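Residues per chain are reported as follows:
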Amino acid sequence: KETEEKFQFQTEVSRLMNLIINSLYKTREIFLRELISNASDAIDKIRFLALTDPNALSNNSNLNITIWSDPKNNILTITDTGVGMTKEQLKENLGTIAKSGTSEFLQAIEEKKADDNMNLIGQFGVGFYSVFLVADKVVVTTKHNEDEQYIWESQAINDFTIAKDPRGNTLGRGTQIKLHLKEDSLSFLEEGVIRGLITKYSEFINFPIWLWTKKTEEVEIDDDDLDDESDKIEKKDEKDEKDEKDEKDTDEAEVEDVTEEKPKKKTKTVEVPGWELMNTQKPIWTRDSKDVTDPEYEKFYRSFAKDEAAPLAWTHFKAEGEVDFKSIIYIPSKAPPNLYQKVQEFTRNIKFFVKRVFITDEFLDFVPKYLAFIKAIIDADDIPLNVSRETLQHHKALQLIKKRIIKKTLDMITNLSKDEEKYKKFLKEFGVSLKIGAIEDNSNRKTLAKLLRFPSSHKNLTTLDDYISRMKKKQTKMYFVTGSSINELENSPFIEGYIARGYEVLYMVEPVDEVLIQHMPGHGGKMFQNIAKGDSKFEDNDLEETSKLKSKYIKLIDWMQSTLTDFVERVQISNRLTSSPCAVIAGDWGLTGHMERIMAAQAF
Ligand code: ADP
Ligand code: MG
């Protein structure tokens, strides 16, 4: 104990731990999901290192997670053979929160209900501290290839200790977390409960998860043994079992022996303890999509995207040809709150594997910003396994993959647009994304334009193509007007004359619409026409009548023109109005009142 050092938790950590403990009590079972996910991340890391460093695995060649419960001492132990932590990393990772945006997160969690917090925590990745939901003392033993074995220990509150392990480097490599469970959390020692949680949360972990279980078995006995108490429990030595398990991890899973029945022999019931494999680890994306059920896709989404809600849509495909890869792309049912803000940090939405080995999810711009909401798994075949993450970003194959992912995503959205109900939901969350796409993505603008929907004077929502099909015979342009709500536009004097003449007018009520029209001035061979600008544009204008009116009201117009000279460019007779006496119109090249308001709002 002489090497033991004491450290204070960073203030944010203490604050966070308090919040977690106070607000997540009902969902405290998530601690196991967090620990298994950390274990899996740690194994991903060592496996990635092993791609380029043949010695990385020499301290322990197994890659697995084991869970062991000790009801006598109320201790639950989770061990992984991952990368482990050096002493410095221990201090840093389990004592501070390195992530930017921590205070924002703390604020958010303080304001939300407990149900949402579960999601927030997963997304923010403060996972480890959730151990204090169920434990009043936590001991982390860890061994990294580049350091000795260390023990971290904390009873929550304010501080933790770190000491060199006097037992030596017993782990070889990896991390062992011992939870001394609180009185109210002892149910997490029960095999059935742990088993349930693993299937609920960790089914899709790509490494074997072994649970120490006790099976009851009927075994044959000789007549001589009959004197023994028949219910006496036989216990095998734990050490033997562990060796057996390690063998299993290196070989493929063994088929269990089926003992032939010999009816004449006497039997007795014994409890046989042993390691039981909890997951199959065949990644869902490597399976044939025909064999995967919808609930499986949904469950997988929840687990990898850390989203409690079911996805809105997904596509699972195998790309072959220029570049070979497998992928599942999901569209979430809700947009994240900061979707349209500049993405500074990687979103971890795209998980990239090469031949089933996890490589990275730290892409900044894997898909264009307007598709930043998708969540995807990509597993490539052709990329050399020994490239660094940096070279990988620029690898030719990756550029091809990106292109295919964009295309497949747009295909999926096009498909989704055939289901009116679902597509409405999609547009509510991501409609603006499509418009941003139409503004920014020159090469896919045509596809994106077909996916856009606008309210109009004829329809709740219309496609541009449908609008064009309803255009009047002589109409050459797509009429639209911009404003802040459909209601405002329906009552706007700008449209009166158009509606009265039976023209359909598109209502553009989103701030992005004005910019969209600047970048996409037309579609399907028709140009857009903002009817709040310049002279009225009816193709069936009665020029004779207009000029008659002009001469009739010439004096009034002159008087108005001179009176309003400081405010308007000109006053003129128009046939665009039916019931309103007048309307203020922007010049052909001027800004509409709506655009002026948007720009004024943005200036702040
Ligand atoms: P996150 O997993 O989002 O990074 P956590 O709070 O779950 O956040 O974990 C904090 C950090 O502690 C991890 O990023 C990792 O560096 C380290 N860590 C946690 N558990 C382990 C483990 N089992 N093996 C190695 N490192 C770990
Ligand atoms: Mg974590």
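Residues numbered from 1 in each chain as written. Chains lettered and ligands numbered in written order. Predicted model: local features only at pLDDT ≥ 70, side-chain atom pairs only at ≥ 80, totals over all residues.

Within the protein one finds 19 helices and 18 strands. The buried share of the protein, taken over its 604 residues, is 30%. Considering only intrachain contacts with a sequence separation of at least 6, the fraction spanning at least 24 residues in the protein is 74%. (Helix = DSSP H or I, 4+ residues; strand = E, 2+ residues; numbered from the N terminus. Buried ≥ 20, exposed ≤ 12 C-beta atoms within 10 Å, placed from the backbone. Contact = placed C-beta atoms within 7 Å.)

Turning next to the environment of Leu434. Relative to the elements of secondary structure, Leu434 occurs in helix α11 (residues 420–440). Exposure remark for Leu434: the 25 C-beta atoms within 10 Å place this residue in the buried category. Sequence separation between Leu434 and Leu448 is 14 residues, and the spatial gap between their C-alpha atoms is 6.3 Å. Apart from the residues lying within four places of it in its own chain, the contact partners of Leu434 are Leu448, Leu451 and Leu452.

Counting through the fold element by element, Gly524 comes out in the loop between β17 (522–523) and β18 (526–530). Each C-alpha atom of the pair Gly524 and Ile406 lies 22 Å from the other, and the pair is 118 residues apart in sequence. Excluding residues that lie within four positions of it along the chain, Gly524 makes contacts with Leu464, Asp465 and Ile468.

One open sheet accounts for nine strands, arranged β1-β6-β5-β4-β7-β3-β2-β8-β9; its pairing is mixed. In the strand order of this sheet, the two ends are held by β1 (5–8) and β9 (266–277), each with one partner. Adjacent strand axes in the sheet meet at a mean angle of 25° when their direction is disregarded. With six bridges joining them, strand β3 (residues 75–80) and strand β7 (residues 174–181) adopt antiparallel strand pairing. (Pairing = 2+ DSSP bridges. Axes fitted to C-alpha atoms, helices over the stretch in contact; angles between N-to-C directions.)

In sheet architecture, strand pairing relies on hydrogen bonds along the backbone and comes in two forms, parallel and antiparallel. With mixed pairing, five strands are arranged side by side in an open sheet as β10-β11-β14-β12-β13. Each end of this open sheet is capped by a strand with a single partner; those strands are β10 (313–319) and β13 (357–360). Going across the sheet, the axis of each strand differs from the next one's by a mean of 20°, ignoring polarity. Two strands pair when backbone bridges link them, and strand β11 (residues 325–331) and strand β14 (residues 375–380) are joined in this way by six bridges, in the antiparallel orientation. Its bridge partner being in β14, Phe325 is matched across the sheet by Ala380.

Next up on the list: the environment of Ile331. Tracing the chain through its elements places Ile331 in strand β11. Linking Ile331 and Thr315, residues 16 residues apart in sequence, is a C-alpha distance of 9.0 Å. Here Ile331 is in contact with Pro311, Leu312, Ala313, Ile374 and Phe426, once residues within four sequence places are set aside.

This brings us to unusual backbone geometry. Here Lys306, not a glycine, exhibits a phi torsion of approximately 50°, which is positive. Here Lys306 is to be found in the loop between α8 (294–305) and β10. One non-glycine residue, Lys355, lies in the positive phi region at around 45°. Relative to the helices and strands, Lys355 is located in the loop between β12 (350–354) and β13.

This brings us to the pairing of β10. With seven bridges connecting them, β10 and β11 associate as antiparallel partners. When the sheet's bridge partners are listed, Thr315 is paired in β11 with Ile329. Turn length for the β10-β11 hairpin, with the two strands adjacent in sequence and antiparallel, is five residues, and the turn residue Gly321 shows positive phi of about 125°.

A few words now on the confidence of the model for the protein. Chain-level statistics for the protein give a pLDDT mean of 86 and a share of 86% at 70 or above. On the interface metric, ipTM, the complex scores 0.99, and its pTM is 0.75. (pLDDT = per-residue confidence, 0-100.)

Bringing helix α10 (residues 396–416) into the picture now. Its 21 residues give α10 an end-to-end C-alpha distance of 31 Å, which sits within 8% of 30 Å, the value for a rise of 1.5 Å per residue. Of all the positions in α10, only Leu398, Ile401, Ile405, Ile406, Thr409 and Ile413 are classed as buried. Projected down its long axis, α10 carries its buried residues within an arc of 140°, all on one side. Pointing more than 90 degrees away from the buried face of α10 are the exposed residues Lys396 and Gln399. (Expected span 1.5 Å × (residues − 1). Arc of directions from axis to C-beta.)

So, about the nonpolar core. In this structure, Ala376, Ile378, Val481, Val505 and Leu506 are the most contacted members of the largest nonpolar core, which totals 62 residues. With six residues, α11 is the single largest residue contributor to this core. Not counting chain neighbours up to four residues away, the residues in contact with Val481 comprise Leu489, Ser492, Phe494, Ile495, Val505, Tyr507, Met508, Asn530, Ile531 and Ala532. Of all hydrophobic cores here, the second largest spans 52 residues; its members include Met17, Leu32, Ile36 and Phe160. (Core = buried A, V, L, I, M, F, W, Y, C linked by C-beta atoms within 7 Å.)

Interaxial distance between α11 and helix α16 (residues 512–519) falls to 9 Å at its minimum, and their mutual angle equals 30°. By the criterion of interaxial angle, the relationship of α11 to α16 is roughly parallel. In this structure, the crossing between α11 and α16 has a hand that is left-handed. Touching Val432, Lys435, Ile436, Ala438 and Ile439 of α11 are Val512, Val515, Leu516 and His519, all from α16. (Parallel < 35°, antiparallel > 145°, perpendicular 65-115°, else oblique. Left-handed = near helix turned anticlockwise from the far one by under 90°.)

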